[in-house]
Number of protein chains: 8
Amino acid sequence: MGKQYTRLDKDNAAVLLVDHQAGLLSLVRDIDPDKFKNNVLALADLAKYFNLPTILTTSFETGPNGPLVPELKEMFPDAPYIARPGQINAWDNEDFVKAVKATGKKQLIIAGVVTEVCVAFPALSALEEDFEVFIVTDASGTFNAMTRDAAWDRMTSAGAQLMTWFGTACELHRDWRNDIEGLGALFSNHIPDYRNLITSYSTLTEGK
Amino acid sequence: MGKQYTRLDKDNAAVLLVDHQAGLLSLVRDIDPDKFKNNVLALADLAKYFNLPTILTTSFETGPNGPLVPELKEMFPDAPYIARPGQINAWDNEDFVKAVKATGKKQLIIAGVVTEVCVAFPALSALEEDFEVFIVTDASGTFNAMTRDAAWDRMTSAGAQLMTWFGTACELHRDWRNDIEGLGALFSNHIPDYRNLITSYSTLTEGK
Amino acid sequence: MGKQYTRLDKDNAAVLLVDHQAGLLSLVRDIDPDKFKNNVLALADLAKYFNLPTILTTSFETGPNGPLVPELKEMFPDAPYIARPGQINAWDNEDFVKAVKATGKKQLIIAGVVTEVCVAFPALSALEEDFEVFIVTDASGTFNAMTRDAAWDRMTSAGAQLMTWFGTACELHRDWRNDIEGLGALFSNHIPDYRNLITSYSTLTEGK
Amino acid sequence: MGKQYTRLDKDNAAVLLVDHQAGLLSLVRDIDPDKFKNNVLALADLAKYFNLPTILTTSFETGPNGPLVPELKEMFPDAPYIARPGQINAWDNEDFVKAVKATGKKQLIIAGVVTEVCVAFPALSALEEDFEVFIVTDASGTFNAMTRDAAWDRMTSAGAQLMTWFGTACELHRDWRNDIEGLGALFSNHIPDYRNLITSYSTLTEGK
Amino acid sequence: MGKQYTRLDKDNAAVLLVDHQAGLLSLVRDIDPDKFKNNVLALADLAKYFNLPTILTTSFETGPNGPLVPELKEMFPDAPYIARPGQINAWDNEDFVKAVKATGKKQLIIAGVVTEVCVAFPALSALEEDFEVFIVTDASGTFNAMTRDAAWDRMTSAGAQLMTWFGTACELHRDWRNDIEGLGALFSNHIPDYRNLITSYSTLTEGK
Amino acid sequence: MGKQYTRLDKDNAAVLLVDHQAGLLSLVRDIDPDKFKNNVLALADLAKYFNLPTILTTSFETGPNGPLVPELKEMFPDAPYIARPGQINAWDNEDFVKAVKATGKKQLIIAGVVTEVCVAFPALSALEEDFEVFIVTDASGTFNAMTRDAAWDRMTSAGAQLMTWFGTACELHRDWRNDIEGLGALFSNHIPDYRNLITSYSTLTEGK
Amino acid sequence: MGKQYTRLDKDNAAVLLVDHQAGLLSLVRDIDPDKFKNNVLALADLAKYFNLPTILTTSFETGPNGPLVPELKEMFPDAPYIARPGQINAWDNEDFVKAVKATGKKQLIIAGVVTEVCVAFPALSALEEDFEVFIVTDASGTFNAMTRDAAWDRMTSAGAQLMTWFGTACELHRDWRNDIEGLGALFSNHIPDYRNLITSYSTLTEGK
Amino acid sequence: MGKQYTRLDKDNAAVLLVDHQAGLLSLVRDIDPDKFKNNVLALADLAKYFNLPTILTTSFETGPNGPLVPELKEMFPDAPYIARPGQINAWDNEDFVKAVKATGKKQLIIAGVVTEVCVAFPALSALEEDFEVFIVTDASGTFNAMTRDAAWDRMTSAGAQLMTWFGTACELHRDWRNDIEGLGALFSNHIPDYRNLITSYSTLTEGK
């Protein structure tokens, strides 16, 4: 028998944004800052777009790690927001786990800074408790490509699936006909090449 | 007992070319355009050369994604051609799956744009239904090397085998003696270094 | 005697944006699309911020090169806009040169797509007519790093100065005290690392 | 049932530093020397900070391989120090294995030079004897990225977990509240970006 | 006074293709073979398209260097073809210089293999005799990027201008209106991204 | 119970050198030619040094693929040498398999050109027949890093172990005391950094 | 007549450290942080070692740019320290220029963050006033390699000489015999490879 | 009038090999060690082949810098050998300059370790005294590509010409007919791709 395809289901998925804090972002050097900022906002936009329950958490935000990136705070004013008093692995924080379980979802879409700690630790904990874990690799950042590769290896060995924000959006959406304009806007706002295609296309077809 | 070597068999393999569309190709940045164009055409040539049943499919081809690359259309005028009305995963389209199953083949050679969506989704679906899946990595493209690596990880974890067009051709052919000239022409047309070897060789041996 | 420092002067500079068209942008592969889009918009923002006369021009915009990027059109609704009927070197178009000369400025800040043609050709022409030419390298794009290097070599040999949008802004502004908030906003909007510094700083100092 | 998360436990872990010798370090070319030196010292510092039993070993230190890096010798004056008379795999040396077992720990944190030999061989041996093995990838070095990738593949296939010194410190510490200053100092001394965050933060908050 | 812009003039330019031989091409490693082959053929196509006098030359073609790439031979059946008996610098061969001078052109467009020898030597010789020299950098290849950079430095110090085949075509053509279809075909055949733009554009506008 | 460490044993290992032919070597572009030549000769030297049964095979050596690299032929004058008449997978050639089995060894050390074909195919076949397979990654070459990564993935999924020539030598030797001079010479001849260590060391200690 | 060699003279050189501030350092991405920190401290150490007059300056240090890196402040407690109130080009600040001229030196060794602004602007200004300008490239940082290359081009066109901290130290020292131990310590502290050479050397020769 | 082509002349050139010492070579990280070793030996071979007067010099060879690479010593047993007692710039050593001038040559071919010091300093000094200076870039090494680029910039600004060992050999030889076998052997020994061409060629033509 073939291996079961565990695919993202918008009715069964939650998003965990872990430690995207103004100070910690200066540690991220495996992705260019312009691209990384874009990827994180794209993930946030897709969470909103698909109405996925989203949980924000920070580590020591009153210290040098700095506050959560303000755009995220503004986009999810009503989301559970767990400012952890000290736990490095968000899963070691009871409120965080409660918030996750309160969503009632079995699929966790995780991104954060830095990959081998803030992403990998809760991912491994969640897998242990039978969640299906999807890592948004390009909305997660770390010191360099080598530390990223090591982190990926550890997570995939434990059963996590590596995604990108684009793949996540596509797998959740399933069919363009569910909403062409909405998905098109998401892509247009976060993929310059795609925006250009739309620009050329619209110009040629408008008034047709 | 050793692990069984699942190798490509030209009597049991079909080729799926997924979403090689003029617009989508501008998204491909993990492979240089000259090389990528060459790789896609090489895969098409080998599909023809080995008479493999080939299936073409596109996503939203009347919109910004653009039409199928014309060379592919011309090379496979009689191939099943499924212009999907909206399904992102080609395997979610009944006509596509029907066309695949109608070939009666158990081995699927898949390439497409972009790797983590148009290739990975149907690959995972096909594996779930017990097909043997071979990804032609160098005829598949995506946003950057990082998103490619993530896509590869997901597919290999599920049991897909990563190939190149060259490896695919060699595994299908098995023995040069089946047709030296045919395989040589395929290589000469798509591997400049190999063409140079042939040029030098022919010049020196002609008239010998 | 030392060599004279030809520095940008906001009262004597004009900006030329050459062929940033939706189609042509798909040719740009020496800079990542997220970063390139940001750089072009940053240059446009600084042109606005410093009230520099700005000239837009396109090549064959009704054909496959595609329309000007809409953001640029919207930001400069009253700027001279020269849709060239065929001249590849914008300087070969009389209207363009007239528009440039009508600004009465001696310093030209040039960016465009692709670097070795749409940027280099008018740059070399302008240098010949004694303009001081400043290339905004990171808001100009081309096929790959090798073609960029060749283009830079040709332009610097002719006397052009290579700038970045950030260096251009700093040289025009001269002194933060001229307007701290304005320049800060420009940087915050286009340099994620700088925005993070501001976020952390503001959080710590607000209410102090 | 989910996969068990084997996480580092400071009461059950020992550190093995294998062949960080002055001569052998000239072979390391997959990591820049400034960064590599920093990573090795960071690992040593964390071993000290968490009071982990640490074992030093060298290969042929009186020959061209050269003496152990003096900083390591100084930091662990009382650690077992096994100058192997010839065994390439440290695990083939009885004294070394005895020293490891004498720690009574089940988790081994291993780093060394070069990765595919001095790290991989004892790692594979230890896994065979049911130890839990954690490789500190960025404090281990080898000839180039390709040989590193091959070494990683071999070790992860056998069950080793790939870590970084930063991830190791975080997983051992669990909660900042256990000692904010101590962990902060470790990071400040070995992560320049983090030190900068602390500098800016302290300056703004001192006297507040 | 500004610096004079020495621009290519299709009535005053000749093309020199130096040592693009099947054997020597295996030495080229600073450009990927697929791209290099494309660039060389693009340069040949543009030479034909603009009817530029073209001169072919080879070094020791009956030995291991191998024969001229057959495509070039076929494209220029009537071009002067100087199979040099031994001179490494083509300019040291009287027949070659005679052929160059017989064109009556003052602008020499040079490409060849390898850059620091077969291109640089005749380029420096031609500059000494007051020719205007334009190097087609991307149709010239060598051992690696470092040797290329050194060769470029030497040539630009002597006054050569660094071009690409695309820039060369654009500077020669001057105005699209001279022949839209011809130039469009040249680009479509050698720039996959441009071909895609044309494909999408044509599909959308045909029948409009 | 821990995972068994399958380690190379000099009494139970044979070396297969597959298709290191003068023509095919021009296809190898994932490793620099100087380094690749060195790695292949290092592997040959170690095969000799450890007296491992070694088998040479070529594909179509009278055609453009060219003859076996002469150094290999000279080093193993008495080794089985199978010039395959057409089989692409060496394992499809009965003589080759017979020669392998005649060695009576269970461990196969394989290297060749190109990795995804000449190495991967016989590796997969051998694994199927319960051989233990060790790939010498750095003495195997292919078109580029991407095709190499795909080939590695396929082989490790099937159970092959990825080695380097240096790791192979170390694992076979076990203990320097078995022969310091011999192993030292092997390293000195093929690792310039190691040779330098020995040079400095010998100079300082001679006459001591 | 040959070109005069303008070489650094320890009796005629001053060091300018421009804007090495905790916040601004997070913008530096063309050099790895570990290496960059080391380079800046190496330059500071050499300035101290050669007793060169050193001038510190910062831009807006009470805002998000952050305070001067504390190590620099501590190393030069008595150096002129100009906290510029707003001038972006340090040379636009009278106190800074006065401090420079008060040193009575004609050679200026400049490093700073970011290269195209904080380094390039005062460098160009100083060249205009006939100073000899030496840029310590590896103790200066900026957004990426492309912006660095553009900055270098601008500075060298104006006559600046590009140095590294190591080259600067060597050119100032002239002869090891002036002080072997001092220079050796500088290198040992900032070049790990050199420290290893010394470690091996000392171990072998001590007690000889 | 065109710019004079200063080309290497085997009757007027000398080779200076500066500080290729066993210890210092561990500092070279801008070129891979296998390739660098090959390049240095290739340069030495060509010096011998063309009978160019060659001068060897070392810096502090009895200290950690280590002895001259033994191969060089053996190849030039009768060459002037200046073990400098302390001067960093070889040109500051009278014996060295005397040896250079004793050759009576005006063209100096220089290579050494590290580029920005041991090569650049004597190069700049020699240019000042009207020598024609040719840098063999690929037989010179330094810490990384950035420090190399800075060194190149400084030397070319002063009038040095950047060469490679291959370009040097070709420019000295002028015409293959002067000695086909000799030059062919030089290339075959140091360019693996060229050796392969010769192998294939010889095999096909022998007995013809």
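The model shown is predicted, which means the values in this text are computed figures rather than measured ones. Going along each chain's sequence as written, the residues are numbered from 1 onward. Numbering of ligands from 1 and lettering of chains from A proceed in the order in which they are written. Totals for whole chains, interfaces and linings use all residues, but because this is a predicted model, local features are given only for residues with pLDDT of at least 70 and pairs of side-chain atoms are given and counted only at 80 or more. Excluding hydrogens and water, the side-chain values take into account all heavy atoms of the structure.

Participant: So, the arrangement of the chains: which residues are in play, and what are the values?
Facilitator: The contact definition used throughout considers only heavy atoms, calling two residues in contact when any of these lie within 4.5 Å. One finds no contact linking chain D with chain E; the least C-alpha distance across the pair is 18 Å. There is a gap between chain A and chain F: no contact, and a shortest C-alpha distance of 13 Å.

Participant: Please give an account of the sheet that holds strand β1 (residues 13-18) of chain B that cites residues and values.
Facilitator: Residues and elements named next belong to chain B. With parallel pairing, six strands are arranged side by side in an open sheet as β3-β2-β1-β4-β5-β6. The open sheet is flanked by β3 (81-84) and β6 (161-163), the only strands paired with a single partner. Across the sheet, the axes of successive neighbouring strands diverge by a mean angle of 25°, strand direction being ignored. The criterion for strand pairing is that DSSP finds at least two bridges linking the strands in question. To qualify as a helix, a DSSP run of H or I must reach at least 4 residues; to qualify as a strand, a run of E must reach at least 2; elements of each kind are numbered from the N terminus. In the sheet, strand β5 (residues 132-136) pairs with β6 via three bridges, with the strands oriented parallel. Note on β6: the bridge partner recorded for Phe134 is Gln161. Running at roughly 165° to strand β4 (residues 107-112), helix α4 (residues 115-128) makes contact with β1, β4 and β5 of the sheet. Convention adopted: a line fitted to C-alpha atoms gives each axis, helices being fitted over their contacting stretch, and angles between N-to-C directions are expressed from 0 to 180 degrees.

Participant: Outline helix α5 (residues 145-157) of chain D, listing residues and values.
Facilitator: All names here are of chain D. Compared with the 18 Å implied by 1.5 Å per residue over 13 residues, the 18 Å span of α5 between its first and last C-alpha is a close match. Identification of polar contacts relies on pairs of N or O atoms within 3.5 Å, with a donor-acceptor requirement for protein atoms, meaning one able to donate a hydrogen and the other able to accept it, and with residues adjacent in sequence counted only if both atoms are side-chain atoms. For α5, the N-terminal cap is Asn144; the gap from its side-chain oxygen to the backbone nitrogen of Met146 is 3.1 Å. A positive backbone phi angle near 110° is found at Gly159, which sits one or two residues after α5. A helix is expected to span 1.5 Å for every residue after the first.

Participant: Describe the packing of aromatic side chains, naming the residues involved and giving the relevant values.
Facilitator: Whether two aromatic rings pair depends on their centres lying within 6.5 Å, for rings of Phe, Tyr and Trp, where Trp uses its six-membered ring; planes under 30 degrees apart make the pair stacked, over 60 edge-to-face, and the rest tilted. In total, this model carries 80 aromatic pairs over all chains according to the counting rule given. Between Trp91(F) and Phe131(F), the aromatic rings sit 5.6 Å apart at their centres with planes inclined by 75°, giving edge-to-face as the arrangement. Of this pair, Trp91(F) sits in the loop between β3 (81-84) and α3 (94-102) while Phe131(F) sits in the loop between α4 (115-128) and β5 (132-136); the two residues are 40 residues apart in sequence, bridging distant segments of the chain. Here Trp91(F) falls in the buried class, since its relative accessible area comes to 8%. Phe131(F) sits in the buried class, given a relative accessible area of 8%. Joined through ring pairs, the aromatic side chains of Phe60(A), Phe143(A), Trp165(D), Phe166(D), Trp176(D), Phe187(D) and Tyr194(D) make up one cluster. For each residue, the accessible area found with a 1.4 Å probe, counting protein chains only, is set against the maximum for its type, and the residue is called buried under 20%, exposed over 50%, and partly exposed in between.

Participant: Give me the lowdown on the interface of chain H and chain D, citing residues and values where you can.
Facilitator: On the chain D side, the residues contacting the six residues of chain H number six residues. Take the accessible area each of two parts loses on contact, using a 1.4 Å probe, and add the two losses: that sum is the buried area. Each partner contributes to the roughly 440 Å² buried at the junction of chain H and chain D, and carbon and sulfur atoms together form 43% of this total. For chain H, the biggest contributors to the area lost against chain D are Ser26(H), Arg29(H) and Pro33(H); these three give 85% of the whole. Salt bridges are counted wherever a side-chain nitrogen of Lys or Arg sits within 4 Å of a carboxyl oxygen of Asp or Glu. Summed over the shared surface of chain H and chain D, the number is zero salt bridges. Taken together, the links from chain H to chain D amount to two residue pairs in polar contact (both at pLDDT 80 or more). Side-chain classes follow a simple rule in which Ala, Val, Leu, Ile, Met, Phe, Trp, Tyr, Cys and Pro form the nonpolar group, Asp, Glu, Lys and Arg form the charged group, and the remainder, Gly included, forms the polar group. Residues that form the side of chain H that touches chain D fall into these classes: four nonpolar, one polar and one charged.

Participant: Give a description of helix α4 (residues 115-128) of chain C that names residues and reports values.
Facilitator: All names here are of chain C. Between its first and last C-alpha, α4 extends 18 Å over 14 residues, near the 20 Å set by a 1.5 Å rise per residue. α4 sits mainly inside the fold: 13 of its 14 residues count as buried. At the C-terminal side of α4, Asp130 shows a positive phi close to 75°.

Participant: Before we move on, could you go through the relation of the copies chain H and chain D and cite the residues and values that matter?
Facilitator: Here the copies were fitted onto each other by least squares, based on C-alpha atoms from residues at pLDDT of at least 70 in both. Mapping chain H onto chain D is achieved by rotating through 180° and translating by 0.0 Å along the same axis, at an RMSD of 0.0 Å. Each copy turns onto its partner about a two-fold axis. Of the C-alpha atoms belonging to chain H, the one lying closest to the rotation axis is found on Ser26(H), 2.9 Å away. Most of the interface of chain H is mirrored in chain D, where 100% of its interface residues again form contacts.

Participant: Explain the side chain of Asp138(D) to me, using residue names and the numbers behind them.
Facilitator: Here Asp138(D) lies in the loop between β5 (132-136) and α5. Among buried Asp, Glu, Lys and Arg side chains, Asp138(D) stands out as unpaired, with Lys35(D) the closest opposite charge at 7.8 Å. Polar contacts involving the side chain of Asp138(D) include one to the main-chain amide nitrogen of Trp165(D), which spans 3.0 Å. With near-sequence residues (within four places) excluded, Asp138(D) lies in contact with Met146(A), Thr147(A), Ile31(D), Phe36(D), Asn39(D), Met163(D), Thr164(D) and Trp165(D). For this count, His and the chain ends are skipped, Lys and Arg are scored as positive, and Asp and Glu as negative.

Participant: Before we move on, could you go through the packing of helix α8 (residues 192-205) of chain A against helix α8 (residues 192-205) of chain E and cite the residues and values that matter?
Facilitator: Across the interface, α8(A) lies against α8(E) with an axial gap of 10 Å and an inter-helix angle of 25°. Comparing the axis directions of α8(A) and α8(E) gives the class roughly parallel. For the crossing formed where α8(A) meets α8(E), the hand is right-handed. Note on element contacts: α8(E) touches α8(A) through Tyr201(E), Leu204(E) and Thr205(E), opposite Tyr201(A), Leu204(A) and Thr205(A). Each residue belonging to the contact of α8(A) with α8(E) can be placed in one class, and the counts come to four nonpolar, two polar and no charged. Convention used here: angles under 35 degrees read as roughly parallel, angles over 145 as roughly antiparallel, angles from 65 to 115 as roughly perpendicular, and any remaining angle as oblique. Rotating anticlockwise by less than a right angle from the far helix to the near helix defines a left-handed crossing, while the corresponding clockwise rotation defines a right-handed one.

Participant: Report on the interface of chain A and chain B, specifying residues and quantitative values.
Facilitator: With 37 residues of chain A in contact, the opposing surface of chain B contributes 36 residues. Between chain A and chain B the total buried area reaches about 3,000 Å² when both faces are included, carbon and sulfur atoms providing 61% of it. Put simply, chain A and chain B have three salt bridges between them. The shortest N-O distance in the salt bridge between Arg29(B) and Asp193(A) comes to 2.8 Å. On the surface where chain A and chain B come into contact, there are eleven residue pairs in polar contact (both at pLDDT 80 or more). For the side of chain A that touches chain B, the elements supplying multiple residues, two or more each, are α5 (145-157), β6 (161-163), α6 (165-173), α7 (180-190) and α8 of chain A.

Participant: An account of the sheet that holds strand β2 (residues 54-59) of chain E is requested, with residue identities and associated values reported.
Facilitator: Think of a sheet as strands paired side by side through backbone hydrogen bonds, with each pair either parallel or antiparallel. Residues and elements named next belong to chain E. Spatial strand order, β3-β2-β1-β4-β5-β6: six strands in an open sheet with parallel pairing. Two strands in the sheet have a free side with no partner beyond their single neighbour: β3 (81-84) and β6 (161-163). The mean inter-strand angle of the sheet, taken between neighbouring strand axes irrespective of direction, is 25°. Bridge analysis of strand β1 (residues 13-18) against β2 gives four bridges, and the strand direction is parallel. Residue pairing for β2: Leu16 is matched across the bridge by Ile55. Strands β1, β2, β3 and β4 (107-112) of the sheet are contacted by helix α3 (residues 94-102), whose axis makes an angle of about 170° with β2.

Participant: Give a detailed account of the relation of the copies chain A and chain B, specifying residues and quantitative values.
Facilitator: Rotating chain A by 90° and moving it 0.0 Å along the rotation axis overlays it on chain B with an RMSD of 0.0 Å. Classification of the inter-copy transformation places it as that of a four-fold axis.

Participant: Now, about the packing of helix α8 (residues 192-205) of chain F against helix α1 (residues 33-49) of chain H: what can you tell me, with residues and values included?
Facilitator: The N-to-C vectors of α8(F) and α1(H) enclose an angle of 70°; their axes lie 8 Å apart at closest approach. Viewed along their axes, α8(F) and α1(H) adopt a mutual orientation that is roughly perpendicular. Facing Pro192(F), Asp193(F) and Arg195(F) of α8(F), the residues of α1(H) in contact are Pro33(H), Asp34(H) and Lys37(H). Partitioned by chemical class, the residues of the contact of α8(F) with α1(H) number two nonpolar, no polar and four charged.

Participant: Lay out the environment of Gln4(H) in plain terms, naming residues and giving numbers.
Facilitator: Assignment of secondary structure puts Gln4(H) in the segment before β1 (13-18). On a C-alpha basis, the gap between Gln4(H) and Thr205(H) in space is 42 Å, while along the polypeptide they are 201 residues apart.

Participant: I'd like a description of the UniProt feature "domain: Isochorismatase-like" (unreviewed entry) in chain A, backed by residues and values.
Facilitator: UniProt positions are given in the numbering used here, feature names are shortened, and annotations may be inferred rather than shown by experiment. Mapped onto the present numbering, the UniProt feature "domain: Isochorismatase-like" (unreviewed entry) falls on residues 14-165 of chain A. Structurally, residues 14-165 of chain A comprises 39% helix and 19% strand, and the distance from its first C-alpha atom to its last is 14 Å.

Participant: Talk me through the pattern of salt bridges; I want residue IDs and the actual numbers.
Facilitator: For the coordinates displayed, the defined rule picks out 80 salt bridges over all chains. Note that Asp30(C) is salt-bridged to Arg148(C), the shortest N-O span being 3.2 Å. Of this pair, Asp30(C) sits in the loop between β1 (13-18) and α1 (33-49) while Arg148(C) is found in helix α5 (residues 145-157), placing the two residues 118 residues apart along the sequence. The residues Asp30(C) and Arg148(C) share a single accessibility class, namely buried. Here the salt bridges do not stand alone but share partners, grouping Asp32(A), Asp34(A) and Lys35(C) into one network.

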